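For reference, the chains in residue letters:
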Amino acid sequence: MADRVTVIGWDGTPLTDAAHSALGAATLVAGAAHHLALPEVPPGAERIRLGSVDLAARRIAQHRGSAVVLADGDPGFFGVVRALRAPEHGLEVEVVPAVSSVATAFARAGMPWDDAQVVVAHSRDLRRAVNVCRAHTKVAVLTSPGAGPAELALLLGPVHRTFVICEALGTEREQVTVLTSDKAADHAWRDPNVVIVIGGSGIAPVRGGSSAGAGRGALQGGGWIAGREPGYPGTVRGWRCPARVRTALSESESPQLRALQLARVGPRLGDLVWDIGAGSGAAAVETAGFGAAVIAVDRDPDACERTATLARRFAVQLQVVQGVAPEVLEDLPEPDVVRIGGGGAPVVAACAARRPERIVTQAATRDEAEAIGAALEDGGYAVECVLSQSVELDTRGWTERERAVAFMLCGHRPHQ
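All values reported here derive from a predicted model rather than from experimental measurement. (Residues numbered from 1 in each chain as written. Predicted model: local features only at pLDDT ≥ 70, side-chain atom pairs only at ≥ 80, totals over all residues. Heavy atoms only, no water.)

Visitor: Explain the sheet that holds strand β8 (residues 161–167) here, please?
Guide: Remark on secondary structure: sheet strands pair via backbone hydrogen bonds, oriented parallel or antiparallel. An order of β6-β7-β10-β8-β9 is seen for the 5 strands of this open sheet, with the pairing classed as mixed. Where the open sheet ends on each side, the last strands, each with one partner, are β6 (117–120) and β9 (175–180). Within the sheet, the average angular offset between the axes of one strand and its neighbour, ignoring direction, is 20°. Sheet topology note: the β8/β9 ladder contains 6 bridges and is antiparallel. Bridged to isoleucine 165 within β9 is threonine 177. Here helix α7 (residues 149–156) sits on the sheet in contact with β7 (138–142), β8 and β10 (193–199), set at roughly 170° to β8. (Pairing = 2+ DSSP bridges. Helix = DSSP H or I, 4+ residues; strand = E, 2+ residues; numbered from the N terminus. Axes fitted to C-alpha atoms, helices over the stretch in contact; angles between N-to-C directions. Contact = heavy atoms within 4.5 Å.)

Visitor: Which parts of the structure should I look at to understand the pairing of strand β19 (residues 399–412)?
Guide: Walk down a regular strand and you will see the side chains alternate between the two sheet faces. Here strand β17 (residues 358–363) runs beside β19; their pairing, made up of 6 bridges, is antiparallel. Its bridge partner being in β19, arginine 358 is matched across the sheet by histidine 412. For strand β18 (residues 382–394) and β19, the ladder comprises 13 bridges, and the chain directions are antiparallel. By the bridge assignment, serine 390 is partnered in β19 with alanine 404. Linking β18 to β19, which pair antiparallel, is a turn of 4 residues; within it tryptophan 398 sits at a positive phi near 50°.

Visitor: Hey, could you run me through the packing of aromatic side chains in this one?
Guide: Here a ring pair, both rings aromatic, is described through the centre-centre distance and the interplanar angle of the planes. If you walk through the whole model with that rule in mind, you get 3 aromatic pairs. Pairing phenylalanine 77 with phenylalanine 78 gives two aromatic rings, centres 5.1 Å apart and planes at 75°, and the pair type is edge-to-face. Owing to a relative accessible area of 30%, phenylalanine 77 belongs among the partly exposed residues under this scheme. The structure contains a cluster of three or more aromatic residues connected by ring pairs, namely Phe77, Phe78, Phe106 and Trp113. (Phe/Tyr/Trp six-rings, centres within 6.5 Å; stacked < 30°, edge-to-face > 60°. Buried < 20%, exposed > 50% of the residue type's maximum accessible area, 1.4 Å probe, protein only.)

Visitor: Even after reading the chapter, I still don't get the pattern of salt bridges, so can you show me in this structure?
Guide: Oppositely charged side chains may form a pair once their charged atoms are brought near each other. Under the counting rule described, the total for this entry stands at 22 salt bridges. For the salt bridge of aspartate 3 with arginine 64, the shortest nitrogen-to-oxygen distance reads 3.8 Å. Here aspartate 3, found in the segment before β1 (4–10), pairs with arginine 64, found in the loop between α3 (53–62) and β4 (66–72); they are 61 residues apart in sequence, far enough to count as distant. Per residue, the accessibility class of aspartate 3 equals that of arginine 64, and both read exposed. Note that glutamate 392 and arginine 401 form a salt bridge whose closest N and O atoms lie 3.3 Å from each other. In this structure glutamate 392 comes out as partly exposed when scored by relative accessible area, which is 21%. Overall, the relative accessible area of 49% leaves arginine 401 in the partly exposed class. (Salt bridge = Lys/Arg side-chain N within 4 Å of Asp/Glu carboxyl O.)

Visitor: Please clarify how a nonpolar patch on the surface should be interpreted in this entry.
Guide: Taken together, Val391, Leu393 and Trp398 make up a surface patch of nonpolar side chains, about 320 Å² in accessible area. By the element assignment, valine 391 lies in strand β18. A residue is classified by how much of its surface remains accessible, and valine 391, at 35% relative accessible area, is partly exposed. (Patch = residues over 30% accessible without salt bridge, like charges linked within 9 Å, V, L, I, M, F, W, Y side chains within 5 Å. Areas by Shrake-Rupley, 256 points an atom, 1.4 Å probe, with all protein chains shown as cover.)

Visitor: Even after reading the chapter, I still don't get the packing of helix α6 (residues 126–135) against α7, so can you show me in this structure?
Guide: Between two packed helices, the angle of one axis relative to the other and the distance separating the axes together describe the packing. At a closest axis distance of 10 Å, the pairing of α6 and α7 adopts a crossing angle of 65°. Judged by the angle between their axes, α6 and α7 are roughly perpendicular. At the point where α6 passes α7, the crossing takes the right-handed sense. When α6 is examined against α7, the residues Leu126, Arg127, Val130, Cys133 and Arg134 are found in contact with a partner set consisting of Glu151, Leu152, Leu155 and Leu156. Residues of the contact of α6 with α7, tallied by class, amount to 6 nonpolar, no polar and 3 charged. (Parallel < 35°, antiparallel > 145°, perpendicular 65-115°, else oblique. Left-handed = near helix turned anticlockwise from the far one by under 90°. Nonpolar A, V, L, I, M, F, W, Y, C, P; charged D, E, K, R; others polar.)

Visitor: What should I look at first to understand the packing of helix α13 (residues 344–352) against helix α14 (residues 366–378) in this one?
Guide: Running from amino to carboxyl end, α13 crosses α14 at an angle of 15°, the nearest separation of the two axes being 9 Å. Our classification of the angle between α13 and α14 gives roughly parallel. The crossing of α13 and α14 is right-handed. Of the residues in α14, those in contact with Gly344, Ala345, Val348 and Ala349 of α13 are Glu368, Ala371, Ile372, Ala375 and Leu376. Residues belonging to the contact of α13 with α14 are distributed by class as follows: 7 nonpolar, 1 polar and 1 charged.

Encoded structure:
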C-alpha cells in the first residue's frame, strides 16, 4: 500500500504550499491529462491517466511510495475522495481542497447558490437529473461525456429553461455561455463543464404544454437551509392543500382520498409523475411540493388554467398539458409513477404499457374498480384495492358536513 495518499483539488489557481509539498514528494501521480501536464508534477513520478477511479485506486494500493491524485475543484464534493475511501481499496487519504466547480460556475454567473439543487448526470441515468431540472428553479448539473448540455436539453424537450454553461473552468479555454435550452442541442460543448439550469417566470407557452411557477424560487432567497426546503415554501404543513384553496373539487378529489393516494404515489426527488385528469390541480401541486417533477394532464382548458394558477400560488414547478388521454400520453417522457384522476380502464391500460413503477387511481363503483383491477393485472401489476370512506364533521354540532366514498387502487410493478 502507498505510504501516503494525498488528493489535491485544482481550480486553476496556483497550488497551495501544502499541495506543492505533497506533489514534490510524489512517486506516483494520477489525474486527467491537463493535471499531468502541470509543471509541478515531478518528472520521475509514475503517471496514471485518471479514467476509472477504481482502477487507479487499485494501482495506488499496490504502490510503494507517496501517491498524489489530482482532481478538478473540491475532490470531496461529488469527487474522487469517496471512491478512494471505499472499503474495498482500504486507502486513507489526506485532502487538499479547492473551490468546487459548482461554486466557481455560480461565481462566474454572479449568482448565489445556497438555494440550488446539485446533481451529477451520467448517461445511464440522465433522466433523473433532467427530472430535477423540471421540478426545481435552480439546478447545477455536473455533466459527463454523453450526458452534457445537449443531452439535457433534448430530454427537457418542451420544458424551456435558461442554461448557463461553464466549460473548462480554471483553464485558458474557460468559456461561459448563456442561452435557452432549446438552443443547447445545436452546439458541441467541451468537457468538463457545469450547467446551471434556471427556470423561467410564470407560465411560458411551449409545444405540448406550459411550465407553471417556474421562476419564483429562483428569484427568492434568504433561506436557512441549503437546497430547496421540503414541502411548500414555508406556507403549508402536511400533505394537503389547505381548505381555503379547495375550489372546484369533485367528490373524487376529496382531500382525504388525495392524502391516501399521495402516500401510495410516494413522490421523490428525481421522479417524474404523471397526474392524468388533474381537475383542480391540488393533487399535482401537492406531488410537486415533495420535489418530484410533475406533468399534469387534463382535457378541460379551465382545469389546466386552475392547475397552473395553483402551482404559481404555491411556488412549485410543473408542466401542464391539455389533451385527451390516452392519446395525449404518447409523446410524454417516461413516468416513474402515474396518478389517474379519471379515464377508467382504457387510460389505466395505456399507462401500464409504459411500465411505470406504480399506478394509483380510484373508482366510484365496484364494477369500475373490477375493470381497473383487471387492466392493472393484465399489465403485469400486483393490485391493492381499498374502499375509502371519509366523513367531514362540524364539531360544533357534530353534524355531517361532507362525505366521500371511493375505491382506491394501486398497481405495483413486481421487482425483478
